[in-house]
Amino acid sequence: QVQLVESGGGLVQAGGSLRLSCAASGSVFSISVMRWYRQAPGKQRELVASIITGQSPDYADSVKGRFTVSRDNVKNAVYLQMNNLKPEDTAVYSCNAVIRPAVVATWRDYWGQGTQVTVSS
């Protein structure tokens, strides 16, 4: 069974940095797009960054120049380096990936459990 497991959230002061990690466990045949979303209290879920192998990553305007998404296809992992964090970046961050498991010949959408990022002013 394929799962996405996240780590790296926490509390940081404004201007600080955090790095989120998300790795797929289980029998993975291939991974297409990998994404990071966030949802702040009372707000809709927002797509923060997405990455497809061989293409330039995409970012939300609110994080361009501050966040960097990367992936390691050997480890089946995606990362989000967050620099110059602001209080408005406070949210639960979740990774998402479109994965083809090794045992099922179909692509499926998977989500991580979410990790809290809190930026204090």
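The text that follows walks through the structure, step by step, so that each part is easy to find. (Residues numbered from 1 in each chain as written. Predicted model: local features only at pLDDT ≥ 70, side-chain atom pairs only at ≥ 80, totals over all residues. Heavy atoms only, no water.)

## What to know about the sheet that holds strand β7 (residues 67-72)
At step 1: Read across the open sheet, the 4 strands follow the order β1-β3-β8-β7; overall the sheet is antiparallel. The two strands at the open ends of the sheet, each matched to only one other strand, are β1 (3-7) and β7. Mean inter-strand twist for the sheet, computed between neighbouring axes without regard to direction, equals 15°.
At step 2: Here β7 pairs with strand β8 (residues 77-82) via 6 bridges, running antiparallel. Looking across to β8, one finds that Arg71 is bridged to Val78. (Pairing = 2+ DSSP bridges. Helix = DSSP H or I, 4+ residues; strand = E, 2+ residues; numbered from the N terminus. Axes fitted to C-alpha atoms, helices over the stretch in contact; angles between N-to-C directions.)

## Considerations on the environment of Gly42
At step 1: As for its placement among the helices and strands, Gly42 is situated in the loop between β4 (28-39) and β5 (46-51).
At step 2: Of the residues examined, Gly42 reaches a relative accessible area of 88% and is grouped as exposed.
At step 3: Taking the C-alpha atoms as reference points, Gly42 and Gln13, 29 residues apart in sequence, are found 22 Å from one another. (Buried < 20%, exposed > 50% of the residue type's maximum accessible area, 1.4 Å probe, protein only.)

## Here's the deal with the pattern of salt bridges
At step 1: All told, the structure shown has 4 salt bridges when counted by the stated rule.
At step 2: Between Arg38 and Asp89 there is a salt bridge; the shortest N-O distance is 2.9 Å. Note that Arg38 is positioned in strand β4 and Asp89 in the loop between β8 and β9 (91-101), a separation of 51 residues in sequence.
At step 3: Take Arg38: its relative accessible area is 7%, and that puts it in the buried class. (Salt bridge = Lys/Arg side-chain N within 4 Å of Asp/Glu carboxyl O.)

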